Each structure stands twice: as C-alpha cells, then as structure tokens.
Amino acid sequence: YLSYRVVKPRHPVNPCIKKESPKVVDGYDIEELGESTSFCRCWRSSKFPLCDGAHNKYNIEQKDNVGPLIIKKK
Ligand code: FES
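Residues numbered from 1 in each chain as written. Predicted model: local features only at pLDDT ≥ 70, side-chain atom pairs only at ≥ 80, totals over all residues. Heavy atoms only, no water.

## What about the overall build of the protein?
Part 1 of the reasoning: Scanning the protein from terminus to terminus reveals 1 helix and 2 strands.
Part 2 of the reasoning: Taken from N to C terminus, the helices and strands of the protein fall in the order β-α-β.
Part 3 of the reasoning: Taken against the 2.2 N^0.38 rule, which gives 11 Å for 74 residues, the C-alpha radius of gyration of the protein at 16 Å runs more than 25% over that of a compact globule.
Part 4 of the reasoning: Seen through its principal axes, the protein has C-alpha atoms that stretch 55 × 30 × 20 Å.
Part 5 of the reasoning: Put simply, the protein has 74 residues, and 20% of those count as buried. (Helix = DSSP H or I, 4+ residues; strand = E, 2+ residues; numbered from the N terminus. Rg over C-alpha atoms; globule rule 2.2 N^0.38 Å. Buried < 20%, exposed > 50% of the residue type's maximum accessible area, 1.4 Å probe, protein only.)

## Observations concerning the pairing of strand S1 (residues 36-39)
Part 1 of the reasoning: By the alternation rule, side chains of S1 split into Thr37 and Phe39, which are all buried, and Ser36 and Ser38, of which none is buried.
Part 2 of the reasoning: Of the strand pairs in this sheet, S1 and strand S2 (residues 69-72) are connected by 4 bridges, and their pairing is antiparallel. The residue of S2 that forms the bridge with Ser36 is Lys72. (Pairing = 2+ DSSP bridges.)

## Here we look at the environment of Pro49
Part 1 of the reasoning: For Pro49, the position within the fold is in the loop between S1 and helix H1 (54-62).
Part 2 of the reasoning: Taking the C-alpha atoms as reference points, Pro49 and Val25, separated by 24 residues in sequence, lie 9.1 Å from one another.
Part 3 of the reasoning: With sequence-adjacent residues up to four places away left out, Pro49 is seen in contact with Asp26, Tyr28, Ser38, Phe39 and Cys40. (Contact = heavy atoms within 4.5 Å.)

## What about the pattern of salt bridges?
Part 1 of the reasoning: Evaluation of the coordinates by the stated rule reveals 2 salt bridges.
Part 2 of the reasoning: For Asp26, the salt bridge identified is with Lys18, shortest N-O distance 2.9 Å.
Part 3 of the reasoning: A relative accessible area of 34% places Asp26 in the partly exposed class.
Part 4 of the reasoning: Looking at Lys18, the relative accessible area reads 38%, which means it is partly exposed. (Salt bridge = Lys/Arg side-chain N within 4 Å of Asp/Glu carboxyl O.)

## With respect to H1
Part 1 of the reasoning: Of all the residues in H1, the buried ones are His55, Tyr58 and Asn59. Angular distribution of buried residues about the axis of H1 spans 100°; they occupy a single face of the element. Residues Lys57 and Ile60 are exposed on H1 and point more than 90 degrees away from its buried face.
Part 2 of the reasoning: A positive phi of about 55° marks Lys63, the residue just after H1. (Arc of directions from axis to C-beta.)

Rendered as structure tokens:
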C-alpha cells in the first residue's frame, strides 16, 4: 500500500503569507487591474499578491534574482 507523511519544508517558498490556509490562491477580474499591475513572485511583499518592491531586499540578502510578473493592458 501507499503511504506518505507530510514533511514541513526546511526552506519554504512562502515564509509567512496566509500560513493558516492549505493553499494560497488569489484571483482578479481583468477589469480590476490598472494599466500596469505587478504581481509578486518572491512571496515577501506586504501587499501580496501585488509586488511592493520587497524582492530588491530579498535578492541582495539571498543573492537571488527574482522579480514580479507585470501585466500591462494594451
Ligand atoms: Fe515580490 Fe516584488 S515584492 S516580486
């Protein structure tokens, strides 16, 4: 038979956002977005799922190169 155990990751991608939830999912209607909207991909933004620039500090501290996803209306 198959069995598995839940293992807490040592270095989770998500350090602190909605940890009480089994899965973090956010959605927007396209009409809600402005001309340009930046979505966080570093999981450090205080405005998550929107980018607040926190990736700059994270990249310096962790020697990483993550950045936002930018959606622009034509
Ligand atoms: Fe996370 Fe900008 S704050 S990508």
